[in-house]
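Topology and contacts: notes
Next come the chains, spelled out residue by residue.
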Amino acid sequence: MTDKELESMFRLEKDGIKLEFEYDKDEELLKYIEAIKPFMGQVKDTRTSYYPDFYELEPHFLNYKKESENVGNSSFRVYGTIFNKLQKFFDKKSVVDLKGKDIQDFQNYLKRQDLDNVTINNQMTYVKMILDFCVKREIIEKNPFSYISSLKETKKKKENYNDEEIIKLINNKELEEQYINIFKIASYTGMRVSEIILLKKEDVKIDVKTNIKYYDLTQAKTESGIRKIPLHNEIKNIKIPIFKDRGINRKTKIERNDEEFVNYYDKKILEELRKIIPKESGKNFHTLRGTFIQKLTNKFPEKINLIQEIIGHDKGSKSLTLDTYSKEFYIEHKKEIIDSVDYKI
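Because the structure is a prediction, the values reported are computed rather than measured.

Thresholds applied
Residues numbered from 1 in each chain as written. Predicted model: local features only at pLDDT ≥ 70, side-chain atom pairs only at ≥ 80, totals over all residues. Heavy atoms only, no water. Core = buried A, V, L, I, M, F, W, Y, C linked by side-chain atoms within 4.5 Å. Buried < 20%, exposed > 50% of the residue type's maximum accessible area, 1.4 Å probe, protein only. Helix = DSSP H or I, 4+ residues; strand = E, 2+ residues; numbered from the N terminus. Contact = heavy atoms within 4.5 Å. Phe/Tyr/Trp six-rings, centres within 6.5 Å; stacked < 30°, edge-to-face > 60°. Pairing = 2+ DSSP bridges. Axes fitted to C-alpha atoms, helices over the stretch in contact; angles between N-to-C directions. Parallel < 35°, antiparallel > 145°, perpendicular 65-115°, else oblique. Left-handed = near helix turned anticlockwise from the far one by under 90°. Nonpolar A, V, L, I, M, F, W, Y, C, P; charged D, E, K, R; others polar.

**Quick look at the nonpolar core**
Residues Phe183, Tyr215, Phe243, Ile269 and Phe285 are the most contacted members of the largest nonpolar core, which totals 47 residues. Sorting the residues of this core by element identifies helix H7 (163-170), helix H8 (177-189), helix H9 (193-197), strand S4 (213-217), helix H10 (258-274), helix H11 (286-299), helix H12 (304-311) and helix H14 (331-338) as the ones contributing at least two each. Broken down by element, the residue count for this core peaks at 7 residues, all from H8. Filtering out sequence-adjacent residues up to four positions away, Phe183 remains in contact with Leu169, Ile170, Leu175, Ile269, Glu272, Leu273, Phe285 and Leu288. By size, the runner-up hydrophobic cluster in this structure holds 30 residues, among which are Val71, Tyr79, Phe90 and Ile120.

Right, dumping it as structure tokens:
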């Protein structure tokens, strides 16, 4: 082929596809380019041939989070909840086909679930995060979430349980014993629901010097979560573990891991709580923890650091001194203020 012929040759190579044709005039070249425009769209489609729905997308997103960030089990439970709602609403619709209106419709779908605006905005933040992942992976070119506005939030003052409500939970004959015990432990220790569910028989120990029985929490996301909690007299005879059977994962056909175990019973516990405490109250399982903390801080406002150690909160600006020299408070001191907690009508 001569140099003159090369001057009249149009070449296009893209994504492994090569096009060549000769032309004599610029007008002819423009005509050819116009003719192959539809084909160029097909070339682009070939490059982005991955059209996942939210069912297919979920494992890829979760794996990305595990590899790129230090994400705790509670966050993965939230991701699972959000994906479940997206899957239920969009079914098999590809994320590539989503428009701003689709995301708006999903927001309206959440409104119909009787959620408050704060909760809806929080859940929509996770949706944006998932779609940002799609942009990063070049599954979609632009996040359709950019057209969505947050809902106006009116913050309600959160209230803790009163004593009458606590007694209804821990002395209720309508509930199964295992759930009553869960509510009792939370009310007298301030432990998180996941911490209680994962309690093992070997976590119950007795201090040799004082003969005080306590829960020895040795696994936590943060250092402050690792702690010893003396048992109030009201719960010292509760047998651990609360749930002896972890159950079988229906998909894998093997015993549930810690995350699946917590997720399964977390829902069951909330269902039981709702039999006594209505959703409209704004109170949930975590409110038991807040109530316990309120009891301690009202009686011992000068012992905030001791209370923080009991509940597994960081000790703040004084943590360096305490952690360096004290290591931890004596168990009998923690036992003293825990035993002060009582619920009376």
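**Notes on the packing of aromatic side chains**
Using the criterion set out here, one finds 19 aromatic pairs in the structure. Arranged with centres 5.0 Å apart and planes meeting at 40°, the rings of Phe89 and Tyr109 form a pair that is tilted. In this pair, Phe89 is assigned in helix H4 (residues 73-90) and Tyr109 in helix H5 (residues 100-111), connecting sequence segments 20 residues apart. Taking the relative accessible area as the measure of exposure, Tyr109 reaches 13% and is therefore buried. Both rings, one in Tyr264 and one in Tyr265, keep their centres 5.0 Å apart while their planes meet at 85°; by these two values the pair is edge-to-face.

**Thoughts on the pairing of S4**
The element S4 is extensively covered by neighbouring structure, given that 4 of its 5 residues are classed as buried. Pairing between strand S3 (residues 204-206) and S4: 3 bridges, direction antiparallel. What sits directly across from Val204, in S4, is Tyr215. The loop that links S3 with its antiparallel partner S4 comprises 6 residues; one of these, Asn211, has a positive phi angle of about 65°. Inspection of the sheet shows S4 paired to strand S5 (residues 227-230) by 4 bridges, in the antiparallel sense. Bridge pairing in S5 links Tyr215 to Ile229.

**Remarks on the packing of H4 against H5**
Look at H4 against H5: their axes get within 11 Å of each other, and the N-to-C directions meet at 110°. As judged from the angle between their axes, H4 and H5 are roughly perpendicular. As H4 packs across H5, the resulting crossing turns out to be right-handed. Side by side, H4 and H5 meet where Lys85, Leu86, Lys88, Phe89 and Phe90 of the first sit next to Asp102, Asp105, Phe106, Tyr109 and Leu110 of the second. Taken together, the residues that form the contact of H4 with H5 break down as 6 nonpolar, no polar and 4 charged.

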